[in-house]
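Here are the chains, one letter per residue:
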Amino acid sequence: MAPSHARMNPKADDFDPVSVEGSVESVSGLSIEIADRLGALDIGARVEIERAGDVVLAEVVGLRAGTALALPFGGLAGVRRGARARFLHDRGGLRPCPDWRGRVVNGLGAPIDGGGPLKQGRRLMRLRATPPPAPARARLGKRIDFGVKALNAFAAARAGQRLGVFSAAGVGKSSLLSMIARNADFDVNVIALIGERGREVREFIEDHLGTSGLAKSVVVAATSDEPALLRREAAFVALTVAEYFRDRGARVLCLMDSLSRVAAAQREIGLAAGEPPTARGFTPTVFSLLPSLLERAGPGLDDGAAGSITGVFSVLVEGDDHDEPIADAARAILDGHVVLSRRIAESGRYPAVDVLRTISRSAAGAAGEQETALVTRLRASEALFEDMREMIRIGAYRAGSDAEVDRAVGLHRRLEAFLQQDVGACVGVADTFAGLAALVETEAA
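These lines cover the structure that appears in this document, whether it is placed above or below. Quick caveat, the model's predicted, so the values are computed rather than measured.

1. Notes on the environment of V148
Here comes step 1: Position of V148 among the secondary structure elements: in the loop between strand 10 (125–126) and helix 1 (149–154).
Here comes step 2: Residue V148 is classed as buried on the basis of its relative accessible area of 0%.
Here comes step 3: Distance in space between the C-alpha atoms of V148 and T432 is 8.4 Å, their sequence separation being 284 residues.

What follows is the structure in structure tokens.
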């Protein structure tokens, strides 16, 4: 690899006195080996690799003696041995501005909605930024009104909190996220659709988010057919955009669907870079990626000017196993979890929130004493019903045998009917607890 003089650039801040070029030594699977005899490349560096008719952007993910291992952001068709590879001094960054609201971008921050070029802000923001220092961060803010009865009651949360939505496939996860995006009161939504089916992106934007929801949202989309590097990068783009609006004092909602697909993308990258597989094939960098990503959501600096990022991250549990590695790791980092149950979904109640397995770690600071007492009573009643569910189902329990069980059965039926909510409906906190209080009063009568 030898240095050569770069072309003059009229922008002084973009002027690079030297460019470094190398050549492709081999292409194997998803990875490209580039000659790096001068040791000019480092982890995270970006390179442009020539291929038939154009170039493909790649990122260095591994280093070996005399070579750098890179993964592409696009297809490898046309890349040949000996192709020129040019090191880019730009390691990737964004210049967001308020006009990004209402736009859809890809995993590199480029527009994909046909709306023309994106306006660029003055401030360059790094994609791999670190969260604010823990002692300097503000406390959690005011209570969030999700507009969803099950969450307002059983997952009371505050601005700046990070919640996980844990669900198997086909249980209504995307519908619940769309309800939160449309109903919750935030200044800006940043929505990352990562690893989704291609047709679902437009359906989510047009049918679930709607015109009014999109107007205050920035959507980052990286579908399942795109390279792993682009899917992982979409998560960093979403958090970077959210941080931009947070630093402007906005209350930001960052929705990511799904965190599991980000982890799967990192697993592909890690395996291609030669990392050893560990739990269920996930590589060590997956478990270091999760906290570095999730910790960027939360309150800003405690200076009275910064806003907050409230994170809602969906976790797709494999085979209904809520103890699988990614779910287990995410649950330990997040500030609460909402669990969707296939059994409840099959019974026809949506959103299929399992009230006994759903918990918010800031519920005590979000709900009042009366609300907490009401929710505690309902949870106890639901727990008693669950203990007796099988006996009731097989007819081993007869009504009248136990007054407490009889009350739990009646309350369960009314609670299930109350928690049913159409996707287009919005129910606030006050109306939620008024309805729950009425259920308990009916039971007492």
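The structure having been displayed, the exposition proceeds.
2. Focus on the pairing of strand 13 (residues 217–222)
Here comes step 1: Counting buried positions along strand 13 yields six of six residues, so the element is predominantly enclosed.
Here comes step 2: Neither face of strand 13 is exposed, since S217, V219 and A221 on one face and V218, V220 and A222 on the opposite face are all buried.
Here comes step 3: Here three bridges tie strand 9 (residues 103–105) to strand 13, and the two strands are oriented parallel to one another. Its bridge partner being in strand 13, V104 is matched across the sheet by V219.
Here comes step 4: Where strand 12 (residues 188–194) and strand 13 come together, six bridges link them in parallel fashion. Bridge pairing links N189 to S217 in strand 13.
Here comes step 5: Note that the unit made of strand 12, helix 3 (residues 198–215) and strand 13 has a crossover that is right-handed.

3. A closer look at the environment of V252
Here comes step 1: With respect to the secondary-structure elements, V252 resides in strand 14 (residues 251–257).
Here comes step 2: For V252, a relative accessible area of 0% gives the class buried.
Here comes step 3: V252 sits 184 residues away from A68 along the chain, and the two C-alpha atoms are 38 Å apart.
Here comes step 4: Residues within four places of V252 in sequence aside, it is in contact with F186, V188, V190, A242, F245, R246, S308, I309 and T310.

4. A word on unusual backbone geometry
Leaving glycine aside, a negative phi is the common case for residues, and trans is the common case for peptide bonds.
Here comes step 1: The amide bond that connects D257 to the next residue, S258, takes the cis arrangement and shows omega of 10°.
Here comes step 2: Locating S258 in the fold gives a position in the loop between strand 14 and helix 5 (259–272).
Here comes step 3: The amide bond that connects Y350 to the next residue, P351, takes the cis arrangement and shows omega of -5°.
Here comes step 4: Along the chain, P351 falls in the loop between helix 8 (342–346) and strand 18 (359–360).
Here comes step 5: Even without glycine at this site, R280 takes up a positive phi of about 50°.
Here comes step 6: Residue placement: R280 occurs in the loop between helix 5 and helix 6 (284–294).

5. Some details on helix 3
Here comes step 1: In this model helix 3 runs just 21 Å from its N-terminal to its C-terminal C-alpha over 18 residues, more than 12% under the 26 Å that 1.5 Å per residue would give.
Here comes step 2: Its maximal kink placed at L209, helix 3 deviates by approximately 100°.
Here comes step 3: Along helix 3, the positions that sit buried rather than exposed are E200, V201, F204, I205, L209, G210, G213 and L214.
Here comes step 4: Against strand 9, helix 2 (173–183), strand 12 and strand 13 lie the buried residues of helix 3.

6. Describing the pattern of salt bridges
Here comes step 1: Taken as a whole and assessed by the stated rule, the structure comprises 35 salt bridges.
Here comes step 2: Across the pair E233 and R46 runs a salt bridge whose closest N-O atoms are separated by 2.7 Å. One end of the pair, E233, is in helix 4 (residues 228–247); the other, R46, is in strand 4 (residues 46–51), with 187 residues separating them in the sequence.
Here comes step 3: Across the salt bridge formed by E196 and R261, the nearest N and O atoms sit 3.0 Å from each other. Of this pair, E196 sits in the loop between strand 12 and helix 3 while R261 sits in helix 5; the two residues are 65 residues apart in sequence, bridging distant segments of the chain.
Here comes step 4: Using a relative accessible area of 5% as the deciding quantity, one classes E196 as buried.
Here comes step 5: Residues joined by salt bridges that share partners form a network here, namely R46, E59, R128, R232 and E233.

7. Observations concerning helix 5
Here comes step 1: Helix length check: helix 5 (14 residues) gives 20 Å between terminal C-alpha atoms against 20 Å at 1.5 Å per residue, within 8%.
Here comes step 2: Looking only at helix 5, the buried set comprises L259, S260, V262, A263, A265, Q266, I269 and G270.
Here comes step 3: Downstream of helix 5 by a residue or two, G274 has a phi angle that is positive, lying close to 95°.

8. Notes on the packing of helix 10 (residues 369–393) against helix 11 (residues 403–419)
Here comes step 1: Direction vectors running N to C along helix 10 and helix 11 enclose 105°, while the axes themselves pass 8 Å from each other. Relative to helix 11, helix 10 is oriented roughly perpendicular. Of helix 11, the residues touching helix 10 (which contributes L378, S381, E382, L384, F385, M388, R389 and I392) are E404, V405, A408, V409, L411, H412, L415 and E416.
Here comes step 2: For the contact of helix 10 with helix 11, the class distribution of residues is 10 nonpolar, two polar and four charged.

The rules behind each value
- Residues numbered from 1 in each chain as written.
- Predicted model: local features only at pLDDT ≥ 70, side-chain atom pairs only at ≥ 80, totals over all residues.
- Heavy atoms only, no water.
- Helix = DSSP H or I, 4+ residues; strand = E, 2+ residues; numbered from the N terminus.
- Buried < 20%, exposed > 50% of the residue type's maximum accessible area, 1.4 Å probe, protein only.
- Pairing = 2+ DSSP bridges.
- Right-handed = clockwise from strand over helix to strand, strands pointing away.
- Contact = heavy atoms within 4.5 Å.
- Expected span 1.5 Å × (residues − 1).
- Bend = angle between axes of the 7 residues up to and from the residue.
- Salt bridge = Lys/Arg side-chain N within 4 Å of Asp/Glu carboxyl O.
- Axes fitted to C-alpha atoms, helices over the stretch in contact; angles between N-to-C directions.
- Parallel < 35°, antiparallel > 145°, perpendicular 65-115°, else oblique.
- Nonpolar A, V, L, I, M, F, W, Y, C, P; charged D, E, K, R; others polar.

Purely geometric stuff here, so don't read any function into it on its own.
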